[in-house]
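Residues per chain, in single letters:
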Amino acid sequence: MRMRRILGLALAAATLAGVSAVGAVSAGAASSPNISRDDCAAAGGQIVSRPYADYACALPDGTTSAIT
């Protein structure tokens, strides 16, 4: 019985660690990186003004990135 408890706790800890790692990677991928005005122009993007925010770069693939 004690061995089952130890194995169960180890499995739960491994699962929690795996979920935490996946969440951290997903959060990093979801945040868009900043881009400079020169990089935006070089990538074929347009600098657009956002209401109540700074300028952004609208890239041809439909994504937008904050301008640094």
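As a starting point, this report considers the structure included with it. (Residues numbered from 1 in each chain as written. Predicted model: local features only at pLDDT ≥ 70, side-chain atom pairs only at ≥ 80, totals over all residues. Heavy atoms only, no water.)

Two numbers describe a pair of aromatic rings. These are the distance of the centres and the angle of the planes. Summed over the entire model, instances satisfying the criterion amount to zero aromatic pairs. In this arrangement the basic side chain of Arg37 is found over the ring face of Tyr55, its NZ or CZ atom lying 5.4 Å from the centre. (Phe/Tyr/Trp six-rings, centres within 6.5 Å; stacked < 30°, edge-to-face > 60°. Lys NZ or Arg CZ within 6 Å of the ring centre and 35° of its normal.)

Two strands pair when backbone bridges link them, and strand 1 (residues 46-49) and strand 2 (residues 55-58) are joined in this way by four bridges, in the antiparallel orientation. Across the sheet, Ser49 pairs through a bridge with Tyr55, a residue of strand 2. Where strand 1 hands over to strand 2, the hairpin turn is made up of five residues, of which Tyr52 adopts a positive phi near 60°. (Pairing = 2+ DSSP bridges. Helix = DSSP H or I, 4+ residues; strand = E, 2+ residues; numbered from the N terminus.)

Attention now goes to the nonpolar core. Ile35, Cys40, Cys57, Leu59 and Ile67 together form the largest nonpolar core, which totals five residues. Setting aside chain neighbours within four positions, we find Ile35 in contact with Cys40, Cys57, Ser65, Ala66, Ile67 and Thr68. (Core = buried A, V, L, I, M, F, W, Y, C linked by side-chain atoms within 4.5 Å. Buried < 20%, exposed > 50% of the residue type's maximum accessible area, 1.4 Å probe, protein only. Contact = heavy atoms within 4.5 Å.)

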